[in-house]
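# Descriptive structure summary
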Amino acid sequence: MNARTAPSTSAPPSPPEPFGAQLRDVVVRYGSDDDAALDGATLTIRPGTITGLLGRNGAGKTTLAALLAAFRRPTSGTVRVGADGELEDPFENPWSTTHVQLVRESGDVWGDSKAKDTLDYYAALRPHWDADLAARLLDEFEISPRKHPDQMSRGKRSAFGAAIGLASRAPLTIFDEVYLGMDAPSRYAFYDALLADYAEHPRTIVLSSHLIDEVERLFEDVVVIDRGKVLLAEPAEDVRSRGVSLTGPAELVERFVDGREVLARQRLGGTAQVTLFGAFGTDERAAATGAGLEVGSVPVQDLFVHLTRRPGSDREEAR
Amino acid sequence: MSTETHPRPSAERAAERAALAAAAHRRGVRAATEYAVGVTWYVGIWFWAIAIVVGATILVVMQRNGDVDVDAVNSVMDSARFFLFVLGIVVPLSMVALHVAAGGTRRSFTHGLWLSGVVVGVSYGLAVAAVGWFQWWLFTRNGWSATSAQHQLYADGSEVGLVLLVQSLLCATYFLAGVVIALGYYRAGFWGGTALVPVAVVPAALAEISLQSGWFGRALADWVGLAGAPVWAATLGGLAAFTLAALLVRAVLRNLALRPVEFAASVARG
């Protein structure tokens, strides 16, 4: 198929200020008998931040993203999207939909026509579309605009979706598992491009990913969802301060563990590193440092695993 | 990480936003129309090429056998609406998710499809009328009978205006009827979509009865006692059929929840 729409050659207008979002008691059911995909979810996404949206498979991340982008309506509860002070229901609201971009895994693209046709359609609808950025990103990801997405590898197709998301310059841009199939160099090229463009054109980014170790450095806020419920939604620094990691001589480290909940433990010869859950007071921190231990924050991934662990069923899955 | 709702925007800001939202709507309508019409004609070129070759071949064979019948050639040209019915099923299915993902609304998509129905209907109607007129000219010039036994509203291709009117309404209605079937399945799944099929074909049947054209339109018009209705009544019936199809398109798109990517990909692949 062949698109007839052509991208505007004039400079795109300046995007409005970054969009935020609020969900209040949101429930989404896909069928009358189904479990809720979102079950009373309440959270706020701050405008102008990069928010990590974390959850296990089936936790409700994709459903949440679909609500923000007005792909569907909630069964109950309220969803509001917009600039600070102008939050509105995004569903069938052209002001919202034109300023929110959701890139789903493998993207919403025409698989059986040239990649350029898809880009032309996005360019025709997106008021802040940056065709030059799209071209640069396709070049960086080694994607020919003449190639059909159905003929691309999964990684290239994901990279194509990532390029669309960045080039849209939408005040709220959501990437839902967009990295799938991308090799490591492509993923890091995407992260770098995202950060560079975010710095140059501030907006709100929501990034859903399972590769938490890789992307947590980008997060300013973190939302963790499990079984349709929001477990936490707070700045990444607060998340990291929910625990502490101690590194040093094993015997010394064990002295500070002292009945605390251990999230992770590693040992190499006489050196140990433990990740502890729970607040670590200023005095304790000073004591640990004074004793020669290295005190660090908790990796988001360790905390995420701890919060979403299901002892019985996880063993079943592992089997 | 908590902010609460803030005061409503000023009147000036609200007006500015309304203007931007209206511009976004226009962009959505235009993009959907341009793509749907573009694809329909991109594929339609092949339909017309094949239809003309088949029509010419039939004509040559009949001429060699010494028995030239205008209805045999008309049948090929008259099938444009069925071709558009199929494209009405295929084209919007490949567009709906991408349109919303690109920031369009269901409303702008609906309006784009309505406009596409009009443009596609009139342009295909023009093509049918042009081919019909050429056929009439050829038949008249060679002394063959140029009058079709199938049509009631127009006797032959010389009635260009009437052919254009009838074929435009039929093509536009069939295109939108195809859209209703496709989006019915997208919206309601297999069983719900199948249940919607009889509803979706009502506008097409109404157009056939009103316009009394084609193979089964005349029979249906006879059956319901509408055969011989004047042109103005037939036109009103055709317009009512198109309007009904347009309303059904709006109904199936209203509040439509987008399916997961895998579903969209599977329907796009057919």
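For clarity, every value in this text was computed on a predicted model and none was experimentally measured. (Residues numbered from 1 in each chain as written. Chains lettered and ligands numbered in written order. Predicted model: local features only at pLDDT ≥ 70, side-chain atom pairs only at ≥ 80, totals over all residues.)

The subject of this paragraph is the overall build of chain A. The number of helices and strands found in chain A is 12 helices and 13 strands. A compact globule built from 319 residues would reach a C-alpha radius of gyration of about 20 Å, and chain A, at 22 Å, matches this within 12%. Here the C-alpha coordinates of chain A stretch approximately 70 × 45 × 45 Å along the principal axes. Expressed as a percentage of the 319 residues in chain A, the buried residues total 47%. Across chain A, the fraction of contacts at a sequence separation of at least 24, relative to all contacts at a separation of at least 6, is 71%. (Helix = DSSP H or I, 4+ residues; strand = E, 2+ residues; numbered from the N terminus. Rg over C-alpha atoms; globule rule 2.2 N^0.38 Å. Buried ≥ 20, exposed ≤ 12 C-beta atoms within 10 Å, placed from the backbone. Contact = placed C-beta atoms within 7 Å.)

Right, let's talk about the packing of helix H4 (residues 106–141) of chain B against helix H7 (residues 231–253) of chain B for a bit. Residues and elements named next belong to chain B. Orientation of H4 relative to H7, taken along the N-to-C sense of each, is 155°, at an axis distance of 10 Å. Considering their axes alone, H4 and H7 lie roughly antiparallel with respect to each other. H4 and H7 meet at a crossing whose hand is right-handed. Residue-level inspection shows Arg106, Phe109, Thr110, Leu113, Trp114 and Gly117 of H4 in contact with H7, the latter providing Ala246, Val249, Arg250 and Leu253. Each residue belonging to the contact of H4 with H7 can be placed in one class, and the counts come to 6 nonpolar, 2 polar and 2 charged. (Axes fitted to C-alpha atoms, helices over the stretch in contact; angles between N-to-C directions. Parallel < 35°, antiparallel > 145°, perpendicular 65-115°, else oblique. Left-handed = near helix turned anticlockwise from the far one by under 90°. Nonpolar A, V, L, I, M, F, W, Y, C, P; charged D, E, K, R; others polar.)

Moving on, we come to the domain arrangement of chain A. For an interface, size is often stated in terms of accessible area lost upon the parts coming together. All names here are of chain A. Assigned domains of chain A: these are domain 1 (19–234) and domain 2 (239–318). One C-alpha centre belongs to domain 1, the other to domain 2, and the line joining them spans 32 Å. The partner domain 2 presents 7 residues to the 12 residues of domain 1 that form the contact. Elements supplying a minimum of two residues to the side of domain 1 that touches domain 2: helix H7 (212–215), strand E8 (221–226) and strand E9 (229–235). Partitioning the side of domain 1 that touches domain 2 into residue classes produces 7 nonpolar, no polar and 5 charged. (Domains from an automatic or database assignment.)

Residue and element names in this part refer to chain A. Look at Ala70: it is not a glycine, yet its phi comes out positive at around 60°. Examined against the element boundaries, Ala70 turns out to sit in the loop between helix H1 (61–68) and strand E4 (76–83). Despite not being glycine, Arg169 shows a phi value in the positive range, around 50°. Within the element layout of this structure, Arg169 appears in the loop between helix H5 (154–167) and strand E6 (172–176).

Quick look at the UniProt feature "transmembrane region" (unreviewed entry) in chain B now. Taken from the UniProt record, the annotation "transmembrane region" (unreviewed entry) applies to residues 35–62, 82–101, 113–140, 160–183, 190–211 and 231–253 of chain B. Secondary structure content for residues 160–183 of chain B is 100% helix and 0% strand, while the C-alpha to C-alpha distance between its ends is 34 Å. (UniProt positions renumbered as here; feature names shortened; annotations may be inferred.)

This brings us to the sheet that holds E8(A). All names here are of chain A. Within the open sheet, the 6 strands sit side by side as E5-E6-E7-E3-E8-E9. Their pairing is mixed. Each edge of the open sheet is held by one strand with a lone partner, namely strand E5 (100–103) and E9. The mean angle between the axes of side-by-side strands here comes to 15°, regardless of whether they run parallel or antiparallel. Pairing geometry for strand E3 (residues 50–55) and E8, over 5 bridges, is parallel. Residue pairing for E8: Gly52 is matched across the bridge by Val222. Of the strands in this sheet, E3, E5, E6, strand E7 (204–208) and E8 touch H1, which is tilted by about 155° from E6. (Pairing = 2+ DSSP bridges.)

Fine structural detail should not be taken from predicted coordinates in areas where pLDDT scores are low. With 92% of its residues at a pLDDT of at least 70, chain A reaches an overall mean of 89. Across residues 1–9 of chain A the pLDDT falls below 50, and counting only partners more than four positions away or on other chains, this stretch makes 32 contacts in the model. (pLDDT = per-residue confidence, 0-100.)

Turning to the sheet that holds strand E13 (residues 294–296) of chain A, a few remarks are in order. Residues and elements named next belong to chain A. The strand order across the open sheet built from 4 strands is E11-E12-E10-E13, with neighbouring strands paired in antiparallel fashion. At either margin of the open sheet sits one strand with a lone partner, and together these are strand E11 (261–268) and E13. Put simply, the sheet's adjacent strands are angled 15° from each other on average, direction ignored. In this fold helix H9 (residues 250–257) packs onto strand E10 (243–249), E11 and strand E12 (271–277), with an angle of close to 150° to the strand it touches most, E10.

Here we take up the environment of Asp84(A). Residue and element names in this part refer to chain A. Topologically, Asp84 is positioned in the loop between E4 and helix H2 (94–97). For Asp84, a count of 14 C-beta atoms within 10 Å translates into the label partly exposed. The spacing of Asp84 and Ala21 is 63 residues in sequence and 9.0 Å in space, taken between C-alpha atoms.

A few words now on the nonpolar core. Core analysis: the largest hydrophobic core is formed by 168 residues, its most contacted members being Leu68(A), Ala163(A), Val180(B) and Val249(B). With 26 residues, the single largest contributor to this core is helix H5 (residues 160–211) of chain B. Two domains share this core, each providing at least three of its residues, namely domain 1 (19–234) and domain 2 (239–318) of chain A. Beyond its immediate stretch of four places on either side in the chain, Leu68(A) contacts Ala21(A), Val79(A), Val81(A), Pro90(A), Val100(A), Leu102(A), Leu172(A) and Ile174(A). (Core = buried A, V, L, I, M, F, W, Y, C linked by C-beta atoms within 7 Å.)

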